[in-house]
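# A structural walkthrough
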Amino acid sequence: QVQLVESGGGLMQAGGSLRLSCVASGRTFSYYAMGWFRQAPGKEREFVASINRSGGSTVYADSVKGRFTISRDNAKNTVYLQMNSLKPEDTAVYYCHTPLTEYNNYPATGPDDFWGQGTQVTVSS
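Below: a short report on this structure. (Residues numbered from 1 in each chain as written. Predicted model: local features only at pLDDT ≥ 70, side-chain atom pairs only at ≥ 80, totals over all residues. Heavy atoms only, no water.)

Before going further, it helps to spend a moment on the sheet that holds strand β3 (residues 18-25). Overall, antiparallel pairing links the four strands, which are arranged β1-β3-β8-β7 in an open sheet. Only two strands of the sheet have a single partner each, and these edge strands are β1 (3-7) and β7 (68-73). Neighbour to neighbour, the strand axes of the sheet diverge by 15 degrees on average, direction disregarded. Across six bridges, the pairing between β7 and strand β8 (residues 78-83) is antiparallel. Looking at β8, one finds that I70 is bridged to L81. (Pairing = 2+ DSSP bridges. Helix = DSSP H or I, 4+ residues; strand = E, 2+ residues; numbered from the N terminus. Axes fitted to C-alpha atoms, helices over the stretch in contact; angles between N-to-C directions.)

With that settled, consider the pairing of strand β4 (residues 34-39). With respect to burial, β4 is a largely interior element, five of its six residues being buried. Examined bridge by bridge, β4 and strand β5 (residues 46-51) share five bridges and lie antiparallel to one another. Residue G35 lies in a different strand from β5, and its bridge partner there is S50. The antiparallel hairpin formed by β4 and β5 contains six residues in its connecting segment, where G42 sits at a positive phi of about 75 degrees. Examined bridge by bridge, β4 and strand β9 (residues 92-98) share five bridges and lie antiparallel to one another. Note on β9: the bridge partner recorded for Q39 is V93. (Buried < 20%, exposed > 50% of the residue type's maximum accessible area, 1.4 Å probe, protein only.)

Our focus in this paragraph is the nonpolar core. One finds W36, V79, L81, M83 and Y94 to be the most contacted residues of the largest nonpolar core, which totals 32 residues. When neighbours within four sequence positions are excluded, Y94 is seen to be in contact with E6, L20, W36, F37, R38, V48, F68, L81, M83, G118, T119 and V121. (Core = buried A, V, L, I, M, F, W, Y, C linked by side-chain atoms within 4.5 Å. Contact = heavy atoms within 4.5 Å.)

All told, the structure shown has five aromatic pairs when counted by the stated rule. Ring geometry for F37 and Y106: centres 6.2 Å apart, planes at 40 degrees, overall tilted. One end of the pair, F37, is in strand β4; the other, Y106, is in the loop between β9 and β10 (114-115), with 69 residues separating them in the sequence. For the pair F37 and Y106, one class covers both residues: buried. Ring centres of F37 and W115 lie 5.0 Å apart, and the angle between their planes is 65 degrees; on these two criteria the pair is classed as edge-to-face. Taken together, the residues F37 in strand β4 and W115 in strand β10 connect sequence positions 78 residues apart. You can call W115 partly exposed: its relative accessible area is 29%. Taken together, the ring pairs in this structure connect F37, F47, Y106 and W115 into an aromatic cluster. It is R45 that lies over the ring of Y95; its NZ or CZ is 4.0 Å from the centre. (Phe/Tyr/Trp six-rings, centres within 6.5 Å; stacked < 30°, edge-to-face > 60°. Lys NZ or Arg CZ within 6 Å of the ring centre and 35° of its normal.)

Listed below in structure tokens is the structure:
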């Protein structure tokens, strides 16, 4: 069974930085793309960033482009989200995601994909 465990969330002032981590287990990590999504109170879950299985290709939502960086370490089964220049509107629960199959269609997701439990990020003004 695939498990995704996020960490690194917390409270930060606007302009600060945080790094989220997501450790995956249960299958060969390097075969699959990974992504980050977020959900703010009262809003739908939205795509933040994705990275292909080798780490050579990344995609970002316009709202975070130039501020956030997604990366992965296949030796550690871990994907990261470095968040700089944080804004109050970045406040949300952040979720790690990986598709069921080796084919991904980010930002779209499938009903049988895998999600972490989420980590809260709160940015104060």
